[in-house]
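Reading the structure
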Amino acid sequence: MSKKIAVTTESSADISKALQKELDIHVIPMTVLICDEEFKDGVDLTAKELYEKSELYNEIPKTAGISPHDYKLVFETLTQQGFDVVHVSISGKISSCFQNALFASNSFENVFVVDSLNLSAGMAMLVYEACRLRDSGKSAMEIAAELEKLRLKISTSFLLEDTGFLCRGGRCSKAEQLTADLFSLRPSVEVVGGKLLPGKRYRGRGLEAPKKYIVRTLEEKKADKGMCLLNHSGLKENEVEELVSFVRKSYPFEKIVSNEAGCCISSHCGRGCVGIIFREQSSAD
């Protein structure tokens, strides 16, 4: 009889409540700080509420990593229930979470922590693969090893809209904000080797710029035809539907999953953010 496997991750993976339940994923909430208050991401604060508070108090939200103690409590609970644990963490080059989770795992022989070298839906892609491998009967050690091979094949990028949000957070200058707004230029960011790097800029209002970004990303990357994740923050339902339809017409993905970014990612990307995430084909494909 194979050992029971628990798949865990942080709320920065932006996995919907429905998928958490369907795939039996244990999500550890990160902390969001705003207006001298602390909130647990996705537990007592939604992205919509975060934006409302940010605009009301003109204060940029901040995020805090999960402590080694909190990780240890989760790992301890699961291992005592007879589980081996595979934990997928946000990139160690972006957050302290990976190091804290790794430190906590040292108290257990059957907890395997994987640095996703990613964030948001890029993490989610690895979590979904971990669940698939778990259900196919792989051991926790085997799953962790497979994820470490896959993590560099995940293409993750985002197109930002709220340059004012970025500016208030010190992530761009006032001059850059004014230039972007004046010429309707929207910056993109890419995850490369676990780091966030500036990408190309796209001109256009409404969904014009996101569609240009999607087309160019799919042209430049050789996408696997399996699953595509479309992350978004603060978009209207009809806008999300239009972008999903556009992706479907642009590339023959077998499955397209749209998901709203949680509080941690929204704290850094602002409203109107769109991200397209997929697995790149291997050279043998």
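Notes on the structure follow. These numbers were taken from a predicted model, which means no experiment stands behind them. Residue positions within a chain follow its written sequence, with the count starting from 1. Reporting of local features is limited, given that this is a predicted model, to residues whose pLDDT is at least 70; pairs of side-chain atoms are given and counted only at 80 or more, and all residues count toward the totals for whole chains, interfaces and linings. Side-chain numbers here rest on the full set of heavy atoms in the structure, without hydrogens or water.

1. Remarks on the pairing of strand β7 (residues 111-115)
The buried count for β7 comes to four of five residues, which makes it a mostly enclosed element. Strand pairing follows a simple DSSP-based rule, namely that at least 2 bridges must link the two strands. A run of DSSP states H or I qualifies as a helix once it reaches four residues; a run of E qualifies as a strand once it reaches two. Both are numbered from the N-terminal end. Alignment of strand β6 (residues 83-89) against β7, held across five bridges, turns out to be parallel. Across the sheet, Val 88 pairs through a bridge with Val 114, a residue of β7. Burial here depends on accessible area, computed with a 1.4 Å probe over protein chains only, as a share of the maximum for the residue type. Under 20% is buried, over 50% is exposed, and the range in between is partly exposed.

2. Some thoughts on empty space enclosed by the protein
Rolled over the atoms, a probe sized like a water molecule indicates the empty space that remains. A 1.4 Å probe that fits but cannot get out identifies a cavity on a 1 Å grid over protein atoms alone, an open set with protein on both sides within 12 Å along at least five of seven lines counts as a pocket, and a residue lines either if it has an atom within 4 Å of a point. Grid points are joined across faces, edges and corners, and a volume is the space filled by probe spheres set on the points. Applying the stated criterion to the full structure yields one cavity of 30 Å³ or more. Quantified by volume, the largest cavity comes out at close to 30 Å³. When residues of the lining of the largest cavity are traced back to their parent elements, those giving at least two are α5 (120-135), β11 (223-233) and β12 (255-260). Among the elements that make up the lining of the largest cavity, the one with the highest residue count is α5 (three residues). By the convention adopted, Pro, Cys, Tyr, Trp, Phe, Met, Ile, Leu, Val and Ala count as nonpolar, Lys, Arg, Asp and Glu as charged, and the other residues, Gly among them, as polar. Here the lining of the largest cavity is composed, by residue class, of five nonpolar, two polar and one charged.

3. Description of the sheet that holds strand β3 (residues 31-34)
Judged by pairing direction, the sheet is antiparallel, and its three strands sit side by side in the order β4-β3-β5 without closing on themselves. Two strands close off the open sheet at either side, each with one partner strand: β4 (37-40) and β5 (62-64). Each strand of the sheet is rotated relative to its neighbour by a mean of 30 degrees, with strand direction disregarded. Relative to β4, β3 runs antiparallel, the two sharing four bridges. Each bridged residue has a counterpart across the sheet, and for Val 32 the counterpart in β4 is Phe 39. In this description, contact between two residues means that some pair of their heavy atoms is separated by no more than 4.5 Å. An axis is simply a line fitted to the C-alpha atoms; with a helix, the fit covers only the stretch in contact. Between two such axes, the angle follows the N-to-C directions and lies from 0 to 180 degrees. Running over the sheet, helix α2 (residues 47-57) touches β3 and β4 and is turned about 25 degrees from β3.

4. Looking at the packing of helix α9 (residues 208-220) against helix α10 (residues 237-250)
Contact geometry of α9 with α10 gives a least axis separation of 11 Å together with a crossing angle of 30 degrees. Here α9 lies roughly parallel to α10, going by the angle between them. Considering the relative orientation of α9 and α10, their crossing is right-handed. In this structure, α9 contributes Pro 210, Lys 211, Ile 214, Val 215 and Leu 218 to the contact, and α10 contributes Glu 242, Leu 243, Phe 246, Val 247 and Ser 250. Grouping the constituent residues of the contact of α9 with α10 by class yields seven nonpolar, one polar and two charged. Throughout this description, any angle smaller than 35 degrees is read as roughly parallel, any larger than 145 degrees as roughly antiparallel, any in the 65 to 115 degree range as roughly perpendicular, and the remainder as oblique. Should the near helix be turned anticlockwise from the far one by less than a right angle, the crossing is termed left-handed; should it be turned clockwise, right-handed.

5. Describing unusual backbone geometry
A positive phi angle is found at Asp 24, which is not glycine, with a value near 60 degrees. In this structure, Asp 24 sits in the loop between α1 (17-23) and β2 (25-28). What makes Asp 24 partly exposed here is its relative accessible area of 43%. Phi angles above zero are rare outside glycine, and Leu 117 is one such case at about 55 degrees. Among the secondary structure elements, Leu 117 is positioned in the loop between β7 and α5.

6. Some details on the layout of surface pockets
By volume, the second largest pocket amounts to about 390 Å³. Considering the residues around the second largest pocket, the lining is formed by 22 residues, among which Ile 15, Lys 17, Gln 20, Gly 42 and Gly 262 are closest to the centre. Taken together, the residues of the lining of the second largest pocket sort by class into 10 nonpolar, seven polar and five charged.

7. Focus on the nonpolar core
Counting residues in hydrophobic clusters, the biggest one holds 63 residues, and the most contacted among them are Ile 15, Tyr 71, Phe 75, Tyr 128, Leu 147 and Leu 229. The greatest single-element share of this core, amounting to 10 residues, is contributed by α5. In this description, a nonpolar core means a group of buried Ala, Val, Leu, Ile, Met, Phe, Trp, Tyr and Cys residues linked to one another through side-chain atoms lying within 4.5 Å.

8. Topic: α9
Multiplying 1.5 Å by the residue count of a helix minus one yields the expected span of that helix. For α9, built from 13 residues, the straight-helix expectation of 18 Å at 1.5 Å per residue is met to within 8% by its first-to-last C-alpha distance of 19 Å. Among the residues of α9, those classed as buried are Ala 209, Pro 210, Tyr 213, Ile 214, Thr 217 and Leu 218. Along α9, the residues classed as buried sweep out an arc of 160 degrees about the axis, all on the same side. The elements touched by buried residues of α9 are β8 (154-159), β9 (185-192), β10 (195-203), β11, α10 and β13 (273-280). Directions drawn from the helix axis to the C-beta atoms are what define this arc.

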